[in-house]
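Coordinates in review
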Amino acid sequence: AILQECSDPSDARALRAQVHSYVLLADGRTKYLEEVVAGDRVLAADARGGSRPLTVGRCKVEPRPLLLVSFEVEGAKGQVFLQQAETVRLLVEGGGGEVSARSVTEVRPGDRLVVRQSRRGTHVGRQIEASVEER
C-alpha cells in the first residue's frame with residue numbers, strides 16, 4: 001500500500017483495490033484485501049523506497065470505478081485492479097532512476113512501475129517453496 005495524505009493529516013488512506021488483491025502484512029505474511037480487519041498491521045511504502053508498519057483503523061468495501069493496470073517484470077506478467085481516483089498512487093521510476101508517487105489516472109503505457117516481486121509462492125498467507133503462475 002502507498003500511504004496517501006488526505007485533507008486531514010491524521011486521515012491516511014491505503015490500498016484501494018479489488019477484494020481479491022493481496023496485502024502485505026507487517027510480519028511478512030499476506031492476506032486478501034477482503035480478509036483485512038481493523039487492528040491488522042500492514043506494511044505501507046513511500047516514494048523513497050521506505051516502508052513502515054501501520055495499524056488498520058477501519059475497512060470499508062464499496063463499489064467504485066476501477067482501472068486494470070498490467071505490467072511485466074523480467075518476463076513475468078501481472079495485473080491489478082485499482083480504484084480510478086486521483087488519490088490512488090503507484091510508484092513510478094523516472095528516466096534518471098528517481099522514484100515518485102503518481103496518480104493511477106496519470107500512469108501511461110511504458111511507465112516503469114515499482115513492484116514487489118517474489119519468486120516464492122504463497123499458501124494461506126505464508127511464503128512457500130513452490131512454482132506459482134498468477135494469471
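Reference entry: report on the structure contained in this document. (Residues numbered from 1 in each chain as written. Predicted model: local features only at pLDDT ≥ 70, side-chain atom pairs only at ≥ 80, totals over all residues. Heavy atoms only, no water.)

**Considering unusual backbone geometry**
Definition in use: Every helix listed is a DSSP run of H or I at least four residues long, and every strand listed is a run of E at least two residues long, numbered separately from the N terminus. Note on exposure labels: buried denotes an accessible area under 20% of the residue type's maximum, exposed denotes more than 50%, and partly exposed covers the range between, all computed with a 1.4 Å probe on protein chains only.
Its identity as a non-glycine residue notwithstanding, Glu74 has a phi of 50°, on the positive side. Counting through the fold element by element, Glu74 comes out in the loop between strand S7 (66-73) and strand S8 (76-83). Judged by relative accessible area, which is 66%, Glu74 ranks as exposed.

**Here we look at the packing of aromatic side chains**
Operational definition: Aromatic pairing here means that ring centres of Phe, Tyr or Trp (its six-membered ring) are within 6.5 Å. Orientation follows from the plane angle: under 30 degrees is stacked, over 60 is edge-to-face, and everything else is tilted.
All told, the structure shown has one aromatic pair when counted by the stated rule. Here the aromatic rings of Tyr22 and Tyr32 are separated by 5.0 Å at their centres, their planes lie at 15°, and the arrangement is stacked. One end of the pair, Tyr22, is in strand S3 (residues 22-24); the other, Tyr32, is in strand S4 (residues 30-32), and 10 residues separate them in sequence. On the basis of relative accessible area, Tyr22 is assigned to the partly exposed category, the value being 40%.

**Considerations on the pairing of strand S9 (residues 89-93)**
Rule in force here: Pairing between two strands is assigned when DSSP locates at least 2 bridges connecting them.
Relative to strand S10 (residues 99-103), S9 runs antiparallel, the two being bridged by five bridges. Across the sheet, residue Arg89 finds its bridge partner in S10, namely Ser103. Connecting S9 to the antiparallel partner S10 that follows it, the hairpin turn spans five residues, and Gly97 within it adopts a positive phi of roughly 90°. In this sheet, strand S11 (residues 112-113) lies alongside S9 in antiparallel orientation, the contact comprising two bridges. In the sheet register, Val92 faces S11, and the bridge partner there is Leu113.

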